[in-house]
Amino acid sequence: MSADLLQIGDLTFTSRLLLGTGKFSDSATMLRALAASGAQIVTVALRRFNPAQAADDLFGPLSQLPGVTLMPNTSGARDAAEAIRAARIARELCGSRLIKVEIHPNPQHLLPDAIETLEAARVLAAEGFLVMPYMPADPVLAKRLEDVGVASVMPLGAPIGSGQGLGASEMLRIIIENSRVPVIVDAGLRAPSEAAGALELGCAAVLVNSAVAAAERPVEMAAAFAQAVQAGRAAYRAGLMPRRSAASATSPLTNFLNAQT
Amino acid sequence: MTTDHEQLTTDALPAWLDVAPLLSVARTATAADVEAALAAAHIGPREFAVLLSPAAAPYLENMARVAQALTRRHFGRTITLYAPLYLSNFCSSGCAYCGFAADRDHPRRKLSFDEADTELAALKRMGIEEVLLLTGERTPQADFAYICECVRRAAAHMAMVTVETFPMTTAEYAELVAAGCTGDTLYQETYDAAVYAPLHRWGPKRDFAARLDAPARALAGGIRQCGFGALLGLADPIEDALRLYTHIAGLQKQFWRAGFSVSFPRLRPEAGGFQTDHPVSDALLAQLIFAFRLALPENHLALSTREPAKLRDGFAGVGISKMSVASLTTVGGYDHGAEGGVGQFAVNDARGVADFCAALRAAGLEPVFKNWDAAYR
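Analysis parameters
- Residues numbered from 1 in each chain as written.
- Chains lettered and ligands numbered in written order.
- Predicted model: local features only at pLDDT ≥ 70, side-chain atom pairs only at ≥ 80, totals over all residues.
- Heavy atoms only, no water.
- 1 Å grid on protein atoms, 1.4 Å probe; cavity = no way out; pocket = protein on both sides within 12 Å on 5 of 7 lines; lining within 4 Å.
- Points joined across faces, edges and corners; volume = space filled by probe spheres on them.
- Helix = DSSP H or I, 4+ residues; strand = E, 2+ residues; numbered from the N terminus.
- Buried < 20%, exposed > 50% of the residue type's maximum accessible area, 1.4 Å probe, protein only.
- Pairing = 2+ DSSP bridges.
- Right-handed = clockwise from strand over helix to strand, strands pointing away.
- Contact = heavy atoms within 4.5 Å.
- Buried area = accessible area lost by both parts, 1.4 Å probe.
- Salt bridge = Lys/Arg side-chain N within 4 Å of Asp/Glu carboxyl O.
- Polar contact = N/O pair within 3.5 Å; in protein donor to acceptor, adjacent residues only side chain to side chain.
- Core = buried A, V, L, I, M, F, W, Y, C linked by side-chain atoms within 4.5 Å.

Colleague: Is there a simple way to think about empty space enclosed by the protein in this case?
Modeller: The probe, sized like a water molecule, is rolled over the atoms to show the empty space still left. Residues and elements named next belong to chain B. Overall, the coordinates contain three cavities of 30 Å³ or more when judged by the stated rule. Looking at the second largest cavity, it is lined by 40 residues, and the ones nearest its centre are Y86, L134, E164, R306 and Q344. At three residues, strand β1 (residues 78–86) tops the list of elements feeding residues into the lining of the second largest cavity.

See the structure below:
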């Protein structure tokens, strides 16, 4: 069997678990969780870059890690123009072509703005970024983003930080069926079983942050997610048995077709 | 705008200020109502009123647990930090409870632009990345142009600049945004117009309605984050909490791109010696904070150094997501230490940045200084 790699543009990864870096109690815990997760792509918000103060800087400690690719994100951007500006600054600062376009104009619920996201993705993809857009679980938007050249689509499973799981699973299924780029579920997961479920469904990967950072023991939870993602992927590759759509009736409904009179 | 007290009839005020039905809930709720509210999947206005009620007081521990879980879910194990910088203590109003009121007999000064730069550099050396610039009400000494220039200078130092000054016009707010201002805090002090009038003895702040409408003008002018608060101790805190909540709920629908935070300033002893008729106990403060956290799980709730270390440490991450640190309420003072000037109010948690951050870390919370970027202004 050929190596099962996650392909983002021209980059390949063995891990299918992506980790967010905010919300941890300290950098040391975040780094231990990252190690336990085996994640090879980590996202860090430009607004948490603070080269002037090492203790407050999330970028510094992450940039030193071997085998980890940084994916800066534009969290805080309210529209396409701000996200584009943030993406360019982030690329200057950390040299990564990966950019997670996060445009959530409302700082309370943090839901993505589809219209601004599409515009930012169009501009940034043309500039050579590997664009990873955080987006509503909207199958048509996923295709529109693919058309402008994104490297993946990152639909939310449920509202960010909500821990509601795969509330949008039917939309995700349609997105996956129709997508030519990796589909990565971003946001909303709470339990490793939900991550496994996303991979079983055919998602290429999942991104978690709150589910790990807000767990009682984040490092252990990161390891649990790593196992779940591997199990989910293996199950997807093994091919799940078909789900029976209805129970078999004790009295067949179609007997009338064979009736003689 | 100088509306006289006599013109401030309830007819002239917005209908949402009438919270009688919710107030009735808050006055009559039973233990069963509280338990139902705590079990509810969503805390709406009615549940919020129930959680403010005397019947909820015995449920503080339950409320605290939910408040912590919600704070952690949305903000993680982090506390966002900021520091205030008083630019000026000139004032044109006569608030009965304020140490900077125009009739208080103490030296007035404002920072020159060069002094403001020096203070901002000192704050930056302390690690501060979000500064709140404060003045009194509008005066010739600290007018709009002065604040705008201070914002511009602060934006050169800091990732985020916010102001707590005086009600402005929409055009002025837009100019502040262009200068680099991200947030505006303006406490209504009290939402009870009848209590408000005699406390605001003269000056522009007498205009209750103009102040009430200021956050809407700020948001229309492009301000991204608005801070709200009622000065706890001026009026019935339950009524104020209900109106504050209603104020935010209405604005959130209108200005859906904006952030809305709530602060919980309790009256502190100040130079004028104002005595409160509505003292807010620690337990009631806790009930207010927890109720707001349950009702607004995604909004920043802030607690300043008005409160003592014991309470600040206790509320950190348990409802509260944002805190000031190492605050001075004198004009300037960060560069050479406080120079004996009179502060607006007495600071109750005088810990420096290192000590406060150590306390947060000991509680498993990460202090976050930079949580914004100049790319977003």
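Colleague: Help me understand the pairing of strand β2 (residues 130–134) of chain B, please; the structure alone is not making it clear to me.
Modeller: Side chains on a regular strand alternate between the two faces of the sheet. All names here are of chain B. Burial analysis of β2 places five of its five residues in the buried class, the great majority of the element. Side-chain alternation along β2 places E130, L132 and L134 on one buried face and V131 and L133 on a second face that is also buried. Relative to β2, β1 runs parallel, the two sharing four bridges. From the neighbouring strand, L85 faces β2, where its bridge partner is L133. Pairing between β2 and strand β3 (residues 160–164): five bridges, direction parallel. Across the sheet, residue L132 finds its bridge partner in β3, namely T162. Between β2 and its parallel partner β3, the chain crosses via helix α6 (residues 144–157), and the hand of that crossover is right-handed.

Colleague: Quick question: what am I supposed to make of the interface of chain B and chain A here?
Modeller: Interface size is often expressed as the accessible area that is lost when the parts come together. Contacts between the two partners involve 33 residues from chain B, matched on the other side by 38 residues from chain A. Interface of chain B and chain A: buried area, both sides summed, is about 2900 Å²; carbon and sulfur atoms make up 43% of it. On the chain B side of the interface with chain A, the three residues burying the most area are R77, R257 and Y376 of chain B, jointly 23% of the side's total. Here chain B and chain A share three salt bridges between them. A salt bridge links R72 of chain B to E216 of chain A; its shortest N-O distance comes to 3.7 Å. Linking chain B with chain A are 24 residue pairs in polar contact (both at pLDDT 80 or more), by the criterion used here. Counting residues per element, the ones that place at least two in the side of chain B that touches chain A are α4 (60–75), β6 (259–263) and β9 (366–368) of chain B. Ranked by the residues each element gives to the side of chain B that touches chain A, the list is headed by α4 of chain B, at four residues.

Colleague: Explain the pattern of salt bridges here, please?
Modeller: Side-chain pairs of opposite charge can arise whenever the charged atoms involved come near each other. Enumeration according to the criterion identifies 41 salt bridges over all chains in this entry. Note that E146 of chain A and R180 of chain A form a salt bridge whose closest N and O atoms lie 2.8 Å from each other. Of this pair, E146 of chain A sits in helix α5 (residues 139–147) while R180 of chain A is found in the loop between α6 (169–178) and β9 (184–186), placing the two residues 34 residues apart along the sequence. Exposure remark for E146 of chain A: the relative accessible area of 9% places this residue in the buried category. Note on R180 of chain A: relative accessible area 70%, which makes it exposed. In this structure, E149 of chain B and R153 of chain B form a salt bridge, with 2.8 Å as the shortest nitrogen-oxygen distance.

Colleague: Please explain the nonpolar core as it appears in this structure.
Modeller: The tendency in soluble globular proteins is for nonpolar side chains to be buried side by side. F48, L133, L242, F264, F290 and F292 of chain B are the most contacted members of the largest nonpolar core, which has 112 residues in total. Tallying contributions element by element places helix α12 (residues 282–295) of chain B first for this core, with ten residues. Ignoring anything within four residues of it in the chain, the contact list for F264 of chain B reads L232, L285, L288, I289, F292, L301, A302, L303, E307 and I320 of chain B. With 67 residues, the next largest nonpolar core counts I84, V131 and L145 of chain A together with A375 of chain B among its residues.

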